[in-house]
Structure formats: C-alpha cells, structure tokens
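# Structural characterization, general
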Amino acid sequence: MKVGENKYFFGIAKVGTKGQIVIPKAARDKYNISAGDNVLVLGDETMGLWIATADVFDKTVPGALADLVRRGI
C-alpha cells in the first residue's frame, strides 16, 4: 500500500525458526526481487533494519565510501 511519495507499507513478515523472513509478494514485485537474488541487510540501533536490493547497494556504497574518505574516517 502506498503511504506517501515513494513510500510503501507491504505488511508484516514473520521470522521463522531459522531466522528467515519472507519478503511480501507486493514488495518483491515492486522491487523486482526474485528467488536467488541477493539483498543487503543493514542495521542502525536507533532506526532498525533496512533491506536493500543489490542495485541500491551498487548505487549508494561507492558514494558513501567516498564521503567517508573525504571526512577522514
């Protein structure tokens, strides 16, 4: 369900006994995620978890790394 500009609510996923979750079908369809695809799982202690597709990783990480280098981190 669209809840704002570029923002969606896809439902709730249950964590299985092996720690696995199922990404809701509407989310898989929207972001073109198929069985066997890799996704990136990031965490922030305040904001929680973020699951991103590999193409988002490819687009954002080089810039983020360059920013860290610029800041001397």
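Residues numbered from 1 in each chain as written. Predicted model: local features only at pLDDT ≥ 70, side-chain atom pairs only at ≥ 80, totals over all residues. Heavy atoms only, no water.

On to the overall build of the protein chain, then. For the protein chain, the helix and strand inventory stands at two helices and four strands. Burial analysis of the protein chain (73 residues in total) assigns 5% to the buried set. Here the analysis covers contacts within the protein chain between residues at least 6 apart in sequence; of these, 2% occur between residues at least 24 apart. (Helix = DSSP H or I, 4+ residues; strand = E, 2+ residues; numbered from the N terminus. Buried < 20%, exposed > 50% of the residue type's maximum accessible area, 1.4 Å probe, protein only. Contact = heavy atoms within 4.5 Å.)

Before going further, it helps to spend a moment on the pattern of salt bridges. One pass over the structure, following the stated rule, counts one salt bridge. A salt bridge links Lys25 to Asp29; the nearest nitrogen and oxygen atoms lie 2.9 Å apart. Here the residue Lys25 and the residue Asp29 both occupy positions in helix 1 (residues 25-30), the gap between them amounting to four residues, near one helical turn. The same class applies to Lys25 as to Asp29, namely exposed. (Salt bridge = Lys/Arg side-chain N within 4 Å of Asp/Glu carboxyl O.)

Bringing the confidence of the model for the protein chain into the picture now. Any residue range with low pLDDT should be treated as having predicted coordinates unsuitable for detailed reading. Across the protein chain, the average pLDDT comes to 84, with 82% of residues at or above 70. Taken element by element, the predicted model of the protein chain shows its lowest mean pLDDT in helix 2 (residues 54-70) (68) and its highest in helix 1 (94). (pLDDT = per-residue confidence, 0-100.)

Okay, the side chain of Thr53 next. Relative to the helices and strands, Thr53 is located in strand 4 (residues 48-53). If we ignore the near neighbours within four places in the chain, the residues touching Thr53 are Tyr31 and Ile33.

Time to look at the packing of aromatic side chains. Scanning the model with the defined rule gives two aromatic pairs in all. The interplanar angle of 15° and the centroid separation of 5.7 Å between the aromatic rings of Tyr8 and Phe10 together place this pair among those described as stacked. For Phe10, a relative accessible area of 26% gives the class partly exposed. Aromatic side chains Phe10 and Tyr31 sit 6.1 Å apart centroid to centroid with 80° between the ring planes, which places their arrangement in the edge-to-face category. In this pair, Phe10 is assigned in the loop between strand 2 (7-8) and helix 1 and Tyr31 in the loop between helix 1 and strand 3 (39-44), connecting sequence segments 21 residues apart. (Phe/Tyr/Trp six-rings, centres within 6.5 Å; stacked < 30°, edge-to-face > 60°.)

Together, Val15, Ile21, Val39, Val41, Leu49 and Ile51 give the surface a local cluster of nonpolar side chains, amounting to about 540 Å² of exposed area. Looking at the nonpolar patch, the elements with two or more residues in it are strand 3 and strand 4. By the secondary structure assignment, Val41 is in strand 3. We classify Val41 as exposed; its relative accessible area is 51%. (Patch = residues over 30% accessible without salt bridge, like charges linked within 9 Å, V, L, I, M, F, W, Y side chains within 5 Å. Areas by Shrake-Rupley, 256 points an atom, 1.4 Å probe, with all protein chains shown as cover.)

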